[in-house]
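Coordinate analysis (summary)
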Amino acid sequence: MVLGNYKTCVAARSTDKEILKGAQDGGIVTQLFAYALEEGIIDGAIVAGPSDEPWKPEPMVATTRAELLAARGTKYNLSPNISLLKEATRSYGLDRIGIVGTPCQMQAVRKAQLYPIGMRDVPDKIALAIGIFCMENFPYQSIEAIVEDHCNQKLESVTKMDIGKGKFWAYTERGAVSQIPLKVTHKYEQPGCHVCLDYVSNLADVSTGSVGTPDGWSTVFVRTKNGENAWNKAITAGCFETQDIAGVKPGLDLVTKLATDKITKNQKTLEARASFGVGKGLRNPYL
Amino acid sequence: MVEKITVGHVHMSGCTGCLVSFADNYEGLFKILDNYADLVYALTLVDVRHVPEMDVALVEGSVCLQDKCSVEEIKETREKAKIVVALGGCAAYGNITRFCRGGQWNQPQMESYVPIGDLIDVDVYIPGCAPTPQQIRNVCLMAYLLLKGTDEQKELAGAYLKPLMALAKRGDEACGCDLMYDVINQGLCMGCGSCAAACPVRAVTIEGGKPQIERDLCIKCGACYAQCPRSFFNFDVMNEFEGISELIKEVMQ
Ligand SMILES: Cc1cc2nc3c(=O)[nH]c(=O)nc-3n(C[C@H](O)[C@H](O)[C@H](O)COP(=O)(O)OP(=O)(O)OC[C@H]3O[C@@H](n4cnc5c(N)ncnc54)[C@H](O)[C@@H]3O)c2cc1C
Ligand code: SF4
Ligand code: SF4
Ligand code: SF4
């Protein structure tokens, strides 16, 4: 289950210039939600919106294209999007919910559907769950430390953050680019990520990430019937330009390698947890 | 028509919210009763005075130790039901009845309430206050498949019910504190927010990306912990979410 079940995998990017400007990669998430909203496939989407503090996301229910656009781009810190899952059906009255999230958040969505213990009337209302690839996430204070202490940039002057080619990148409004090796950032990672066994959002309807495709493009896995339905319609409507994934560099081999690395490393962590103390261990959540 | 299973709703000290939740499956409830389960015991719905033999007993409410009738009835339920399900927070964890101190009309001496697991062995827990109609439906269908299905269906139902059976073994105290003890303190929380969404009384909020528990608000229903993807997460079941969801939809059509 390294790459999960999927029906198709392509390289893609949005054909909408406005969306691409400010999107993290190929604008897949924002474009697909914007189209799904327009077509009534979803009534709204839970995204990581802006907050009062720079680069600190606040989960929000976006019901307009403008709100979706305001939530573009990757914030490398915790946005508890699932906290709004039930609320989206209540205060916002959504019957068809779109939701974006990391692989662990897609796991939360599926658990909410199969074991809806505190999720009354939610299971049938998940219309489009878009997963993003994820190697690890950070607490907000970690991002402050990484950007301000290690990259020597003010958080509020940063216009984009990115992880790629073994480095953490911070781009500023005045054109400066700071980069630090990922080995510096490792100690700041969220501990809960170290037991995570999914890189490419195996349980999403559609999942996407930057790895595998050239800059400005995204790798897209279409995984479920729901996902296929939305994706095929969006393609027919001209929302995306696509390329055969077999024809782009570095391609699926790199995705497979990174996914395998993550799973192998974290499986070791899980094993190490079992004998963490002396004759005592820590919990394994996968039972 | 294939053989149905027999299901009863046993009412202890609860607010009837669990039964209402069961009924909130609307036409789904009729579907269950038409095709899969005969309701053989239920307050106001079935004219039967004494707990009969049944496959599945859905027990709502905690047991009042001073009410002889309730104590007898829960014991009888255990003896007569193949599978005992603690339906909802009160039966599973005591829930709001943990806060009782007696002194109410017209039985002021009734003051001690315990989850049913304090007096009998329980097979399956459905936490939450109220438990959701969809979770009750899923357990009913899985119980049906477990008892009457093909070998393949039995296996699926067994895998599905396993974590809910493990919850019944885990203990009969619940609190938002479970998130602290078993998830956050264990270095497992990844800040998804499921716990906050699950809590019926908004005792869980998310501060700085992690759950913050207002313990004075917590009614001890157990929903937050059970909903958390880092409490239990069985890949065998979860990877099949699409097929299982379709199966449930199909049988409810
Ligand atoms: C913590 C994290 C780690 C990642 N690691 C990798 C990786 O290792 N490899 C890889 O290929 N891709 C990774 N990604 C995904 C990548 O950065 C992009 O999010 C993805 O390619 C989507 O880009 P887009 O242009 O299609 O989306 P956009 O159109 O820019 O939309 C992005 C969407 O993601 C939401 N979002 C932003 N931050 C968060 C967050 N923290 N939590 C939940 N939702 C959020 C936004 O609200 C928005 O709706 C990671 C993303 C995150 C959040
Ligand atoms: S590494 Fe796993 S647990 Fe951590 S944020 Fe990413 S998907 Fe979630
Ligand atoms: S915090 Fe909320 S969900 Fe958790 S046990 Fe208490 S009342 Fe239930
Ligand atoms: S549901 Fe679990 S993993 Fe998610 S935020 Fe709550 S405690 Fe953390």
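A few words now on the packing of aromatic side chains. Applying the stated criterion to the full structure yields 12 aromatic pairs over all chains. Plain terms: the ring middles of A:Trp231 and A:Phe240 are 4.5 Å apart, the flat faces sit at 25° to each other, and that makes the pair stacked. Here the two residues A:Trp231 and A:Phe240 agree in accessibility, since each one is buried. What links up through ring pairs into an aromatic cluster is the set A:Tyr6, A:Phe133, A:Tyr199 and A:Phe221. Positioned over the ring face of B:Phe232 is A:Lys111, at 3.5 Å from the centre of the ring. Over the aromatic face of B:Tyr225 sits the side chain of B:Arg170, whose NZ or CZ is 4.0 Å from the ring centroid.

The next subject is the sheet that holds strand E5 (residues 81-87) of chain B. Two modes of strand pairing occur in sheets, parallel and antiparallel, and in both the strands are linked by backbone hydrogen bonds. All names here are of chain B. Across the sheet, five strands lie side by side as E2-E1-E3-E5-E7; this open sheet has parallel pairing. The two strands at the open ends of the sheet, each matched to only one other strand, are strand E2 (37-41) and strand E7 (124-126). Ignoring strand direction, the axes of neighbouring strands in this sheet form an average angle of 25°. Against the sheet, helix H2 (residues 27-36) engages strand E1 (5-11) and E2, with an angle of about 95° to E2.

With 112 residues, the main nonpolar core has A:Leu85, A:Tyr115, B:Ile116 and B:Leu164 as its most contacted residues. Looking at which element gives the most residues to this core, the answer is helix H5 (residues 133-148) of chain B, with eight residues. Look past the residues within four positions of B:Ile116 in its chain and what remains in contact with it is B:Val59, B:Gly61, B:Val63, B:Ile74, B:Val84, B:Ala86, B:Ala91 and B:Val122. Judged by nonpolar contacts, the second largest core, of 32 residues, contains A:Ala36, A:Ala62, A:Trp231 and A:Ala234.

When you line up the elements, B:Gln227 lands in helix H9 (residues 223-227). With residues near it in sequence (within four places) discarded, B:Gln227 still touches A:Lys111, A:Ala112, A:Tyr115, A:Pro116, A:Ile117, A:Gly118, A:Met119, B:Ser194 and B:Ala198.

With that settled, the discussion passes to the site of ligand 4. Neighbouring residues of ligand 4: B:Leu179, B:Val183, B:Cys189, B:Met190, B:Gly191, B:Cys192, B:Gly193, B:Ser194, B:Cys195, B:Pro211, B:Cys228 and B:Pro229. When the residues that make up the shell around ligand 4 are grouped by side-chain class, the tally is nine nonpolar, three polar and no charged.

A separate point is the environment of B:Ala168. Residue and element names in this part refer to chain B. Of note, Ala-168 is situated in helix H6 (residues 151-170). Ala-168 sits in the buried class, given a relative accessible area of 14%. Sequence separation of Ala-168 and Val-124 is 44 residues, and the distance between their C-alpha atoms is 5.6 Å. Setting aside residues up to four positions removed in sequence, Ala-168 forms contacts with Val-122, Asp-123, Val-124 and Tyr-125.

Before going further, it helps to spend a moment on the side chain of B:Thr132. Turning to its location among the elements, B:Thr132 is positioned in the loop between E7 and H5. Using a relative accessible area of 2% as the deciding quantity, one classes B:Thr132 as buried. A polar side-chain atom of B:Thr132 sits 2.7 Å from the main-chain carbonyl oxygen of A:Pro116. Apart from residues lying up to four places away in sequence, B:Thr132 is in contact with A:Pro116, A:Ile117, A:Gly118, A:Met119, A:Arg120 and B:Ser21.

This part is about the interface of chain A and chain B. Frequently, the measure chosen for interface size is the accessible area removed from exposure when the parts meet. Counting residues at the interface gives 44 residues for chain A, matched by 55 residues for chain B. Interface area for chain A against chain B, summed over the two sides, is near 4300 Å², with a carbon-plus-sulfur share of 56%. On the chain A side of the contact with chain B, A:Leu114, A:Tyr115 and A:Ile117 bury the most area, a combined 20% of that side's loss. If you look at where chain A meets chain B, you find three salt bridges. Taken together, the connections running from chain A to chain B amount to 28 residue pairs in polar contact (both at pLDDT 80 or more). Counting residues per element, the side of chain A that touches chain B draws most heavily on helix H5 (residues 103-114) of chain A, at nine residues.

Residues and elements named next belong to chain B. Pairing analysis gives four bridges linking strand E8 (residues 204-207) to strand E9 (residues 210-213), with the strands arranged antiparallel. Counterpart to Val-204 in the pairing with E9 is Ile-213. Counted along the chain from E8 to the antiparallel partner E9, the turn is two residues long, and its residue Gly-208 has a positive phi close to 55°.

So, on to the site of ligand 1. All names here are of chain A. In the neighbourhood of ligand 1, 31 residues make up the surrounding shell, with Gln-24, Asp-25, Ile-28, Thr-30 and Thr-74 lying closest. Asp-25 has a polar side-chain atom sitting 2.6 Å from an oxygen atom of ligand 1. Within the side chain of Tyr-199, one N or O atom sits 2.9 Å away from a nitrogen atom of ligand 1. For ligand 1, whose unbound accessible area comes to 910 Å², protein coverage reaches 98%. At the level of secondary structure, the elements contributing two or more residues to the shell around ligand 1 comprise helix H2 (28-39) and strand E2 (44-49). At three residues, the largest contribution of residues to the shell around ligand 1 is made by H2. Broken down by class, the residue content of the shell around ligand 1 amounts to 14 nonpolar, 13 polar and four charged.

Scoring rules and cut-offs
- Residues numbered from 1 in each chain as written.
- Chains lettered and ligands numbered in written order.
- Predicted model: local features only at pLDDT ≥ 70, side-chain atom pairs only at ≥ 80, totals over all residues.
- Heavy atoms only, no water.
- Phe/Tyr/Trp six-rings, centres within 6.5 Å; stacked < 30°, edge-to-face > 60°.
- Buried < 20%, exposed > 50% of the residue type's maximum accessible area, 1.4 Å probe, protein only.
- Lys NZ or Arg CZ within 6 Å of the ring centre and 35° of its normal.
- Pairing = 2+ DSSP bridges.
- Helix = DSSP H or I, 4+ residues; strand = E, 2+ residues; numbered from the N terminus.
- Axes fitted to C-alpha atoms, helices over the stretch in contact; angles between N-to-C directions.
- Contact = heavy atoms within 4.5 Å.
- Core = buried A, V, L, I, M, F, W, Y, C linked by side-chain atoms within 4.5 Å.
- Near = heavy atom within 4 Å.
- Nonpolar A, V, L, I, M, F, W, Y, C, P; charged D, E, K, R; others polar.
- Polar contact = N/O pair within 3.5 Å; in protein donor to acceptor, adjacent residues only side chain to side chain.
- Buried area = accessible area lost by both parts, 1.4 Å probe.
- Salt bridge = Lys/Arg side-chain N within 4 Å of Asp/Glu carboxyl O.
- Areas by Shrake-Rupley, 256 points an atom, 1.4 Å probe, with all protein chains shown as cover.

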